[in-house]
Amino acid sequence: DTAVSQTPKYLVTQMGNDKSIKCEQNLGHDTMYWYKQDSKKFLKIMFSYNNKELIINETVPNRFSPKSPDKAHLNLHINSLELGDSAVYFCASSQLLGVGQFFGPGTRLTVL
Amino acid sequence: LAKTTQPISMDSYEGQEVNITCSHNNIATNDYITWYQQFPSQGPRFIIQGYKTKVTNEVASLFIPADRKSSTLSLPRVSLSDTAVYYCLLGGGGSYIPTFGRGTSLIVHP
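These numbers come from a predicted model, not from an experiment. (Residues numbered from 1 in each chain as written. Chains lettered and ligands numbered in written order. Predicted model: local features only at pLDDT ≥ 70, side-chain atom pairs only at ≥ 80, totals over all residues. Heavy atoms only, no water.)

Engineer: Outline the environment of A:K41, listing residues and values.
Structural biologist: Within the element layout of this structure, A:K41 appears in the loop between strand 4 (31-37) and strand 5 (43-50). Here the alpha-carbon distance between A:K41 and A:V88, two residues 47 residues apart in the chain, equals 9.1 Å. (Helix = DSSP H or I, 4+ residues; strand = E, 2+ residues; numbered from the N terminus.)

Next comes the structure, spelled out in structure tokens:
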């Protein structure tokens, strides 16, 4: 009965590859997010969707493309992976924008 | 962007009360203040949230002065398992971007 789940938990890949991370929430929330946490532990928002509509797109390279097939899912596709993309990516959800977010367990992406 | 400032690190001992203050001088009228706890290799976990004055739940208290330019998370009688990074986050309705601060690394010693 996990509230916010992400797959995979770990992802190791080569530069230039394309990969996807999936996120699902069973809380009935309208808003979902993707955050990136780098090696310095700085947690930075990347995207936010409300009811399948993109509402926040924060200075993220266009190699990153979020997709929300329904309001319970928000997937992140990354094209042409670079070394600097190595980080932990967290999905989150909340009912209201930025209020009371529930976070997933994270996906540790390592680009070699 | 509403910016928050917290101490980078704090040390405490088991059984003590710990207070972590977050400064947010340009908090917006609609913003709530939320605190999260993060253990290594885990996602942030919601601790407490408030808008003004004082909020208390089973794990913490949150003190917010009248001008709302800061907030203080109070952890009563910490234990070793409270060793974690604590983040304050401003959030609310309307057009804004959730912005986490750098977080405070709390280490609780035996």
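So much for the structure itself; the text now carries on.
Engineer: Please provide a residue-by-residue account of the packing of aromatic side chains, values included.
Structural biologist: Evaluation of the coordinates by the stated rule reveals 10 aromatic pairs over all chains. Clustering of aromatic rings is evident, with ring pairs tying together A:Y33, A:Y35, A:F103, B:Y36, B:F46, B:Y87 and B:F100. Above the ring of B:Y51, the side-chain terminus of B:R68 is found at 3.9 Å from the ring centroid. (Phe/Tyr/Trp six-rings, centres within 6.5 Å; stacked < 30°, edge-to-face > 60°. Lys NZ or Arg CZ within 6 Å of the ring centre and 35° of its normal.)

Engineer: Hey, could you go over the state of the cysteines for me, with residue numbers and the actual values?
Structural biologist: Enumeration over the complete set of coordinates arrives at two disulfides over all chains. Across the disulfide, A:C23 is cross-linked to A:C91 (sulfur-sulfur distance 1.8 Å). Negative torsions about the S-S bond denote left-handed disulfides, and the value of about -75 degrees found for A:C23 with A:C91 makes this one left-handed. Of this pair, A:C23 sits in strand 3 (residues 19-25) while A:C91 sits in strand 9 (residues 87-94), and the two are 68 residues apart along the sequence. Neither A:C23 nor A:C91 differs from the other in exposure class; each is buried. A disulfide bridge connects B:C22 with B:C88, and the sulfur atoms are separated by 1.8 Å. In this pair, B:C22 sits in strand 2 (residues 18-23) while B:C88 sits in strand 8 (residues 84-91), placing the two residues 66 residues apart along the sequence. B:C88 shares its class with B:C22; the two are buried. (Disulfide = S-S within 2.5 Å. Buried < 20%, exposed > 50% of the residue type's maximum accessible area, 1.4 Å probe, protein only.)

Engineer: Provide a residue-level description of the pairing of strand 3 of chain A, including the pertinent values.
Structural biologist: Residues and elements named next belong to chain A. Of the strand pairs in this sheet, strand 1 (residues 4-7) and strand 3 are connected by four bridges, and their pairing is antiparallel. Its bridge partner lying in strand 3, V4 is registered against Q25. Note that strand 3 and strand 8 (residues 73-78) share four bridges and pair antiparallel. Counted as the bridge partner of I21 is L76 from strand 8. (Pairing = 2+ DSSP bridges.)

Engineer: Tell me about the interface of chain B and chain A, and name the residues and values.
Structural biologist: Counting residues at the interface gives 22 residues for chain B and 20 residues for chain A. Carbon and sulfur atoms make up 58% of the area that chain B and chain A hide from each other, which totals about 1,600 Å². Considering only the surface of chain B that becomes buried against chain A, B:P98, B:F100 and B:R102 emerge as the three largest contributors, covering 29% of it. Taken together, the links from chain B to chain A amount to zero salt bridges. Elements with a minimum of two residues in the side of chain B that touches chain A: strand 3 (32-38), strand 4 (45-50) and strand 8 of chain B. Across the side of chain B that touches chain A, the residue classes break down as 10 nonpolar, 11 polar and one charged. (Contact = heavy atoms within 4.5 Å. Buried area = accessible area lost by both parts, 1.4 Å probe. Salt bridge = Lys/Arg side-chain N within 4 Å of Asp/Glu carboxyl O. Nonpolar A, V, L, I, M, F, W, Y, C, P; charged D, E, K, R; others polar.)

Engineer: Outline the pattern of salt bridges, supporting the account with residue identities and numerical values.
Structural biologist: Residue and element names in this part refer to chain A. Applying the stated rule across the entire model yields three salt bridges over all chains. Between E82 and R63 there is a salt bridge, with the nearest N and O atoms lying 3.5 Å from each other. Taken as a pair, E82 in the loop between strand 8 and strand 9 and R63 in the loop between strand 6 (53-57) and strand 7 (64-70) lie far apart in primary sequence, 19 residues in all. A relative accessible area of 41% means that E82 is categorised as partly exposed. Note that D85 is salt-bridged to R63, the shortest N-O span being 2.8 Å. One end of the pair, D85, is in the loop between strand 8 and strand 9; the other, R63, is in the loop between strand 6 and strand 7, and 22 residues separate them in sequence. D85 sits in the buried class, given a relative accessible area of 4%. Beyond isolated ion pairs, a larger network of salt bridges with shared partners links R63, E82 and D85.

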